[in-house]
Amino acid sequence: MQRGWKAVAVATVLGVAGAAGAHEFTCEKRVQVKGEGQGKPGEAPRVTKFPATLRFHYKLKNVHPKGQSVANLVEDPLLAHHGLGSPFPTPVALGVGESRNATFELKLDTPEACLALAASDGREDESFDSALRVKWDLGETQCAARVTCCEPFVDCELTCPPDDPHCVETPKPVAPGASRHAGFFKVHEQALQQCLAPGRIDLGVARVESLEQALGLLWASPGLDRNGGVRSEEDTRRFELAREALVSTCNERLFGTSAKRSRALGEALRTLRGSSGDEGLKRLATELRRHNEAGLREPLPGGFDAGRATPAHAASIAADPTEPGRP
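Report follows, based on the coordinates. (Residues numbered from 1 in each chain as written. Predicted model: local features only at pLDDT ≥ 70, side-chain atom pairs only at ≥ 80, totals over all residues. Heavy atoms only, no water.)

**Description of the pairing of strand 6 (residues 52–62)**
Put simply, the rule is: Whether two strands pair comes down to DSSP finding at least two bridges between them. A helix here means a DSSP run of H or I that spans at least four residues, while a strand means a run of E at least two residues long, and both kinds are numbered starting from the N terminus.
As defined by bridge partners, strand 3 (residues 25–34) adjoins strand 6 across nine bridges and the pair is classed as antiparallel. Of the residues in strand 6, the one forming a bridge with V33 is L54. Sheet topology places strand 6 next to strand 10 (residues 99–108); 10 bridges connect them, and they run antiparallel. Bridge assignment links L60 to a residue of strand 10, and that residue is R100.

Here is the structure:
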């Protein structure tokens, strides 16, 4: 494993200093990932080895040409829930040209912890932006740093601590095989029928046994049930996860899949058959969607015939198989 740190910083100045306040600051923020080596300049560091330690660096500088600047608020809201009160206790006063530095370290034990942090910034992706906000009389500035998380079961590596003899390290990532997304299966009836040939697929919210039912899951609106009623937010999330789980099952049955993908699908099926909060459903749907799209550029296995695309006919026979009230 490479030693060292890799870092990136993105700064954005939003403030307009007021003449009456006679204060003006700039800030810089960097984030480093211990043990990942140096990344490419300007690229967000990617966390791939766990446990991981992130070190956040902050620099606050008074750039007013003539006088002292006083900051009344300095905060990093995304990290506040992880033990960071304020990098610089306020009020903080700096003389002309003076600067101050601070650091904060955050440990992420698992890939799931990294993705949970990514989701906390309000966007459903694998990256998060942590921004430092500095306010003074009639002015404000912000600076941010981005971190990207690896994909569980795809390119994450769990390294064992030296004092744990029972820990088993994950193997190195493997290249994805062929896969196709929901858009492919919803218009290729022949491929979908071949997927169903080994037997029904129990997705928790539905038992898919026929071509019409499988197409129903692919064509129906996640937000509306088969009677036209509005699904709850949790039911909508379950439907979306069930759709991706159906597609992932077909990718596995028809094209084969790696053990890591099987683990992701297994977790999704267990969740659909049990209970989970909305965040868990959303995270798993995002993971499976990425898995289903990972091998789009790979050719289908030799001899496999997906048949021609028949979108109009497929839509006409689709029948939503979901059952209201099932877990």
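**Concerning helix 4 (residues 189–196)**
To keep things clear, this is the line we draw: Each residue is placed in one exposure class: buried if its accessible area under a 1.4 Å probe, protein chains only, is under 20% of its type's maximum, exposed if it is over 50%, and partly exposed if it falls in between. Regarding the arc, it is the one traced by the directions from the helix axis to the C-beta atoms. Contacts were defined at the residue level, with two residues in contact if any of their heavy atoms lie within 4.5 Å.
Every buried residue belonging to helix 4 is among E189, A191, L192, C195 and L196, and all of these are buried. Across the axial projection of helix 4, the buried residues extend over an arc of 160°, all falling on one side. Those residues of helix 4 that are buried lie in contact with helix 3 (182–185), strand 14 (201–202), strand 15 (207–208), helix 5 (211–219), helix 6 (233–255) and helix 9 (311–317).

**Some points on the pattern of salt bridges**
Selection rule: A pairing counts as a salt bridge when a side-chain nitrogen of Lys or Arg comes within 4 Å of a carboxyl oxygen of Asp or Glu.
Counting across every chain of the model gives 15 salt bridges. In this structure, D109 engages K107 in a salt bridge whose closest nitrogen and oxygen atoms are separated by 3.8 Å. For K107, a relative accessible area of 55% gives the class exposed. Residue R231 is joined to D320 by a salt bridge in which the shortest nitrogen-to-oxygen separation is 2.9 Å. Residue R231 is located in the loop between helix 5 and helix 6, and its partner D320 is located in the segment after helix 9; the two are separated by 89 residues in the primary sequence. D320 carries the same exposure label as R231, and that label is buried. Three or more residues are tied together by salt bridges with common partners; here these are E75, R133 and E140.

**So, the state of the cysteines**
Working definition of a disulfide: a covalent bond connecting the sulfur atoms of two cysteines. Filter applied, for reference: Count a disulfide wherever a pair of cysteine sulfur atoms falls within 2.5 Å.
Taken as a whole and judged by the stated rule, the model has three disulfides. One disulfide in the model links C27 with C143; its S-S distance is 2.2 Å. Where C27 bonds to C143 through sulfur, the torsion about that S-S bond is close to -135°, and the disulfide is left-handed. Here C143 lies in strand 12 (residues 139–149) and C27 lies in strand 3, a separation of 116 residues in the sequence. With a sulfur-sulfur separation of 2.1 Å, C195 is cross-linked through a disulfide to C250. The sign of the -85° torsion about the S-S bond sets the C195-C250 disulfide as left-handed. Of this pair, C195 sits in helix 4 while C250 sits in helix 6, placing them 55 residues apart in sequence.

Taken by themselves, the reported measurements are silent on function.
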